[in-house]
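Structural overview for review
Okay, here's what each chain looks like letter by letter:
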Amino acid sequence: MANDLQGPWDVIVVGGGNAALCAAITAAEAGARVLILEGAPKPYRGGNSRHTRNFRCMHRGPLSVLTGSYAEDEYFDDLLLVTKGKTDEALARFVIRSSEECLPWMEAHGVRFQPSLSGTLSLSRTNAFFLGGGKALVNAYYNMAQDLGVTVVYEAQVTHVVLEGDRFTHVEVSVASGPTECVSGKSVVLASGGFQSDVDWLARAWGPAARNFLIRGTPYNRGVVLRDMLDQGCESVGDPTQCHAVAIDGRAPKYDGGIVTRLDCVPFAVVVNKHCERFYDEGEDVWPKRYAIWGRLVAAQPGQVGYALIDAKSYNLFMPSVFPPVKADTIGELGQKLGLDPAKLSATVGAFNDACRPGKFHPTERDGLATEGLTPPKTNWARPLETPPFYGYQLRPGVTFTYLGLRVTQDAAVQTRSGPLRNVWAAGEMIAGSILGQGYLAGFGMTIGTVFGRVAGRQAAAHALTKKETLRVA
Ligand SMILES: Cc1cc2nc3c(=O)[nH]c(=O)nc-3n(C[C@H](O)[C@H](O)[C@H](O)COP(=O)(O)OP(=O)(O)OC[C@H]3O[C@@H](n4cnc5c(N)ncnc54)[C@H](O)[C@@H]3O)c2cc1C
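This write-up is about the structure you can find in this document. (Residues numbered from 1 in each chain as written. Predicted model: local features only at pLDDT ≥ 70, side-chain atom pairs only at ≥ 80, totals over all residues. Heavy atoms only, no water.)

As for unusual backbone geometry
How we decide: Under the scheme used here, helices are H or I runs from DSSP no shorter than 4 residues and strands are E runs no shorter than 2 residues, and both carry numbers assigned from the N terminus.
Each neighbour pair has its own omega, and for G7 with P8 the value is 5°, a cis peptide bond. For P8, the location among the structural elements is in the segment before β1 (9–14). The omega torsion across T375 and P376 is -15°, close enough to zero to call that bond cis. Looking at where P376 falls in the secondary structure, it is placed in the loop between α10 (342–355) and β16 (390–402). Even without being a glycine, K84 presents a positive backbone phi close to 50°. Positive phi values are uncommon outside glycine, yet C276 reaches one of about 65°. As for its position among the elements, C276 is in the loop between β13 (270–272) and α7 (287–290).

Next comes the structure, spelled out in structure tokens:
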């Protein structure tokens, strides 16, 4: 057995992102001997968590960088709005209420916050931004875990969680593609994310169109442990077709493009599919509110591709894109450069321009500047594309994370049809489907992971430290 895997272990944590680290730190602080098995190599540790920027936090008055107050009911109403009621109210309210104590806990464990960035997302009251982003948060937690004596093994792919009746006995793990080894512990915390990076699984859920989706985060979240637990009779929550997906720059890499591949130009654009047809109201609402629907809209188009077109008037109205846009002096030339039929594109933009009406344009609020007699309409920020140069961006669906997960109790214990397992807890994306039946609330992924990661770590340590069992290290 590889030296680092030698136990005995009280708590084994599968995964190395936010939820796993919160669990590992909490368990270690309770006095447990903790092993983290992180599937990724060290430079890519931290899963999707390293791509994050903020977390959503309830607070009764100004708290750290957060302004004003954000009460439980308002937070819950915001969640109801995006999930359209598809949530477990008890779990959701538990997460919301617990979020208030998370912020000071995070600060005490090395996370630094900064006021929210101005620009397209104005979340200074509801969301606390991590100074240095998710990467800095993950690094701070790894440092803290190391100080607490937690052992971390990288490139440690867990392939099977071995259960005997209602108890976990050991995990099967391959380190750096080596032979399978068995590692025993008294408790296990599963925090290995969703299944979005297994494109075959995505395609089974969504159909072949899913092969054209881009994955915004880590390639290591392939749902191996999730599948293994479901195959062993653990209860699932959530719908495999539900996920967080946004429209991103079509030139983004297949995996790990992260936040910079986001495109914020849609409200000011005319968006067409590859047949040069508009398919949705680009000006439905301010961008943060509509941001999460465009992934699905583009996914439903032929070839899973869209094109956002703007003119010089709008170029400086949104966060600059990481890749420069395609630029042309006429709409026909832009179509040619984007691989679209120039005549058809010119006709679509011409019809759009004809439907625009004069009025006052306000880029930061719904201005009611709507098209007339056009289907679908553009209900705000509708200005003709007539000022060269013209710019175009290819859009593709970018999947953030999937919602199918494991059902857990409020104590984060993994549920089977005959009740909770006695020494298996889960946290993070792996359980998010209970609370996020559909839709998404910005910053809530990290809140769910922080709250349930800490609960899982506490429970796993309590179980391990009160049981005087003989460890079986295979
Ligand atoms: C680009 C982007 C931006 C985002 N921005 C935000 C934001 O600002 N705020 C927010 O709240 N949420 C955001 N999210 C969502 C957020 O990242 C997730 O909700 C959150 O990070 C989930 O944490 P987690 O610990 O459950 O999963 P992850 O952080 O993804 O960690 C999963 C871990 O499991 C490991 N793993 C997977 N399979 C195995 C295996 N078989 N064996 C061992 N290890 C394994 C992975 O390597 C990884 O370390 C963003 C996501 C992306 C992709």
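Looking at the nonpolar core
What counts here: Here the nonpolar core consists of buried residues drawn from Ala, Val, Leu, Ile, Met, Phe, Trp, Tyr and Cys, with membership extended through side-chain atoms lying within 4.5 Å. When a residue's accessible area, from a 1.4 Å probe over protein chains only, is under 20% of the maximum for its type it is buried; when over 50% it is exposed; and in between it is partly exposed. By definition in these notes, contact holds between two residues if any of their heavy atoms fall within 4.5 Å.
Ranked by size, the top nonpolar core spans 109 residues in total, and within it L190 and F452 carry the most contacts. With 10 residues, helix α11 (residues 444–466) is the single largest residue contributor to this core. Apart from residues no more than four positions distant in its own chain, L190 is found in contact with V14, V161, V225, M229, L406, V424, W425, A426, A427 and M430. With 26 residues, the next largest nonpolar core counts A247, F279, A308 and F361 among its residues.

A few points about the site of the ligand
Our working rule: Whether a residue is near a molecule or strand depends on its heavy atoms: it is near if one of them lies within 4 Å of it. Pairs of N or O atoms are called polar contacts if they sit within 3.5 Å, as long as, within protein, a hydrogen donor faces a hydrogen acceptor (for residues adjacent in sequence, only side-chain-to-side-chain pairs). Per-residue and other accessible areas follow the Shrake-Rupley method at a 1.4 Å probe size, with only the shown protein chains counted as cover for residues.
Near the ligand you find 40 residues, and of these E38, S49, N221, E429 and M446 are the closest. At 3.3 Å, a backbone N or O of N18 approaches an oxygen atom of the ligand. Between a nitrogen atom of the ligand and a side-chain N or O atom of Q157, the distance comes to 3.4 Å. For the ligand, the accessible surface in isolation is 1,000 Å², of which the surrounding protein chains cover 97%. Those elements that place two or more of their residues in the shell around the ligand are α1 (18–29), β7 (156–164), β16 and α11.

With respect to α10
Under the convention used in this document: Multiply 1.5 Å by the residue count of a helix minus one, and that product is the helix's expected span. Picture the helix axis, draw a direction to every C-beta atom, and the arc is the one those directions span.
Given a rise of 1.5 Å per residue, 14 residues ought to cover 20 Å, and the 20 Å separating the end C-alpha atoms of α10 matches this to within 8%. Those residues of α10 that fall on the buried side of the exposure criterion are L345, T348, V349, F352, N353 and A355. For α10, the buried positions fall inside an angular range of 165° around the axis, keeping them on one side. Those residues of α10 that are exposed and aimed more than 90 degrees away from the buried face are A343 and D354. Contact partners of the buried residues in α10: β13, β14 (306–311) and α9 (331–338). Backbone nitrogen of A343 and a side-chain oxygen of the N-cap are separated by 3.0 Å at the start of α10; the cap is D341.

Remember that the coordinates give geometry; whether it matters functionally is a separate question.
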